[in-house]
Amino acid sequence: MEALVASGVGVLTAVGVYLCLRGRTFPVVLGLSFLSYAVNVFLFATGRLVVGRPPIIDPAAPGYTDPLPQALVLTAIVISFGMTALVVVLALRGFLEAGSDHVDGREPRDERR
Amino acid sequence: MTDWIIVPVVLPAAMAASIVLVARFDLALQRTLSLATTVFLLGVAVGLFLLARDGVPRPYLLGAWPAPFGIVLVLDRLSALMLVLTQLLALLVLLYAAAGWDRQGRHFHALFQFQLMGLNGAFLTGDVFNLFVFFEVLLIASYGLFLHGAGVRRLVGGFKYVTINLLASTLFLFAVGTIYAVTGTLNMADLALKAAQVGPEQAGLLRTGVALLLVVFAVKAALAPLHLWLPGTYGVAAPPVAALFAVMTKVGAYAILRVHLAVFGGAGSPAIGLVEPWVVPAALATLVLGTLGVLGARSLQRLAAYSVLASMGTLALVLAVPTSAATAAALYYLVHSTLAAAGLFLVGELVAERRGAMRDELVPAPPFPQLELLAAGFLLAALATAGLPPLSGFLGKIWILDALRGRSAWPWLWAAVLVTSLLTVLALARAGSLLFWKPAALAAPAADPPPPRPRPLVPLVATATLLALPVLLAGFAGPLAQELEATARQLYARQSYVEAVLGPSSPPAPLER
């Protein structure tokens, strides 16, 4: 399970970084989303991967899983969700006002028709 | 009395919400509420500063949950100093903006209060994840303020600003997760204890987490090569907003001081000695690039933006040195450079709005009203920015040079600081002569000058007050220096911080990881 989660975080991060380096806004927004998924899974794993244990101390259970990373992930999800909404609106307004969503603020010459 | 610690966080939050809900369509009421809140907050900050002068860190347990299980706010000399600086700057900027800038877009005052909430929270918190949350609060508000009165340039620049900060926030979470995975805590006092107990097999992981965190704070502090977002943001934002943003880069500097030098700088911490080898070269590069930007800027606002960059470079040179003498010098320059940069932004805008279509472009233009007055203001701002005597910039730079003496390669650091200062003087002198002397040499103004419009007095008064502060900083440098040395000593007295937060008899719980 560790290998699966670790490679999942790795692949999500790699995809996110690649997309963030693109020149247009839409891939960048997707890349930011991928990065936030990666960090959510990563945070979840920082409390160690435990299966089938309650997140509180229960005398009947053989152990417990760390509840704090789950609270951290919840906060991170809420923030990244709001931020994604903001950045989408911003990208759209910028595209409508500037007529281009390229990182330079105008269309590159070789792609212009 | 310690209950007042929560006020600088809760009051602006409540006021921001009330301004949106109650005073949505009434700008006069918004201004009144916002100004009254900020004046009150300044009073609270000064009160907390006086309270913190006895040298005992005071924790505020949110929900009365004992540390390290609940979140704590901690008031000590450093956080109190940053609170006073922030409220003072905010009040003057708000006075300036309330004379008309706040009409350019909606919700200026609500966003402004949210920004204050985020800044105050970041300075007060004693928990690393809570620091992340307050960073987000201040960033969300800053996105709104940056886009205030939006134009195309601001929208395009805004996307980049938001994106780089979202990337930094993601990295922040990775760093926090790594640190938590090793130590099992995010409370700063507890981290200071646990960092010393981390075994050699986990030490590398902790160093990685702390180094990632340094990258995040370097983005906030605009250290090269992570500085590229700054000129496009500060040079484009509405000038009063840019003046307020002068304190935002200092949040990054504060976070490095608090987390890297105080929390993870204690004896036995695996992350010790991480800051200086990385931050000093970055600071040098920032200083040089910022100064080149000042030389090449074609408008006064961009010049001011690059001067923020150069001053961050100077500040970071000495910030990286983990001794209390160096930290005191860094704090003095931090306070000074915040006020000087904000002053330069506001003077630039006063000039720009009187020059008509020329705005603040550095090209000759016909004379404009109140030229002599603004020239005097620009002279003060330029003296402060360049670090010439008799203002506080000079004292700050001397103190920094003194603190750097004896560090590795210090003659090179001295040379960098002195040469960039000279270049800054050149650039500012050229800008000043273009703006204020060339008009007199140009042909007389048109036969019928337009009748002078009545100009509001408040922005002039706010700017003059802001420009007078470096004079005061220089005039009261002696008592202030003693204060800042005590602040720096307290920052490195980790034992008293830990005992204040976790209780006096806290046997360190064994690290179960």
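Please read these numbers as outputs of a predicted model, since none were measured by experiment.

What counts, and where the lines are drawn
- Residues numbered from 1 in each chain as written.
- Chains lettered and ligands numbered in written order.
- Predicted model: local features only at pLDDT ≥ 70, side-chain atom pairs only at ≥ 80, totals over all residues.
- Heavy atoms only, no water.
- Core = buried A, V, L, I, M, F, W, Y, C linked by side-chain atoms within 4.5 Å.
- Buried < 20%, exposed > 50% of the residue type's maximum accessible area, 1.4 Å probe, protein only.
- Helix = DSSP H or I, 4+ residues; strand = E, 2+ residues; numbered from the N terminus.
- Contact = heavy atoms within 4.5 Å.
- Axes fitted to C-alpha atoms, helices over the stretch in contact; angles between N-to-C directions.
- Parallel < 35°, antiparallel > 145°, perpendicular 65-115°, else oblique.
- Nonpolar A, V, L, I, M, F, W, Y, C, P; charged D, E, K, R; others polar.
- Patch = residues over 30% accessible without salt bridge, like charges linked within 9 Å, V, L, I, M, F, W, Y side chains within 5 Å.
- Areas by Shrake-Rupley, 256 points an atom, 1.4 Å probe, with all protein chains shown as cover.
- Salt bridge = Lys/Arg side-chain N within 4 Å of Asp/Glu carboxyl O.
- Pairing = 2+ DSSP bridges.

A.B. asks: So, the nonpolar core: which residues are in play, and what are the values?
C.D. replies: All names here are of chain B. Among the nonpolar cores identified, the biggest contains 208 residues, and Leu131, Phe172, Phe217, Tyr234, Phe264 and Phe378 are the most heavily contacted of them. Looking at this core element by element, the count peaks at 18 residues for helix α14 (residues 324-354). Among residues more than four places away in sequence, those in contact with Leu131 are Ala122, Thr125, Phe172, Met188, Phe217, Ala255 and Val259.

A.B. asks: Account for the packing of helix α3 (residues 77-97) of chain B against helix α4 (residues 108-124) of chain B, with residues named and values stated.
C.D. replies: Residues and elements named next belong to chain B. Viewed as axis vectors pointing N to C, α3 and α4 meet at an angle of 170°, and their least axial separation amounts to 9 Å. Of the possible angle classes, the one that applies to α3 and α4 is roughly antiparallel. Along its contact with α3, which presents Ser79, Met82, Leu83, Thr86, Gln87, Ala90, Val93, Leu94 and Ala97, the element α4 presents Phe108, His109, Phe112, Leu116, Leu119, Asn120, Phe123 and Leu124. Class assignment of the residues belonging to the contact of α3 with α4 gives a composition of twelve nonpolar, five polar and no charged.

A.B. asks: Lay out a nonpolar patch on the surface with the relevant residues and their values.
C.D. replies: Residue and element names in this part refer to chain A. Taken together, Leu92, Phe95 and Leu96 make up a surface patch of nonpolar side chains, about 320 Å² in accessible area. With respect to the element layout, Leu96 can be found in helix α3 (residues 68-98). Owing to a relative accessible area of 62%, Leu96 belongs among the exposed residues under this scheme.

A.B. asks: If you had to explain unusual backbone geometry to someone new, which residues and values would you point to?
C.D. replies: Here the residue pair Ala67 of chain B and Pro68 of chain B is connected by a cis peptide bond, since its omega of 5° sits within 30 degrees of zero. Although it is not a glycine, Arg48 of chain A sits at a positive phi angle of roughly 75°. As for its position among the elements, Arg48 of chain A is in the loop between α2 (25-45) and α3. Overall, Arg48 of chain A belongs to the partly exposed group, its relative accessible area being 37%. Even without glycine at this site, Ala64 of chain B takes up a positive phi of about 60°.

A.B. asks: Outline the pattern of salt bridges, listing residues and values.
C.D. replies: Residues and elements named next belong to chain B. This structure, assessed with the given rule, holds twelve salt bridges over all chains. Across the pair Arg354 and Glu353 runs a salt bridge, and its minimum N-O distance is 3.3 Å. Within the structure, one salt-bridge network assembled from shared partners comprises Arg53, Arg77 and Glu483.

A.B. asks: Give me the lowdown on the pairing of strand β1 (residues 58-61) of chain B, citing residues and values where you can.
C.D. replies: It is a general feature of regular strands that their side chains alternate between the two faces of the sheet. Residues and elements named next belong to chain B. Here β1 shows a clear split, with Arg58 and Tyr60 buried on one side and none of Pro59 and Leu61 buried on the other. One ladder, built from four bridges, connects β1 with strand β2 (residues 72-75); its direction is antiparallel. Bridging across to β2, Arg58 finds its partner in Leu75.

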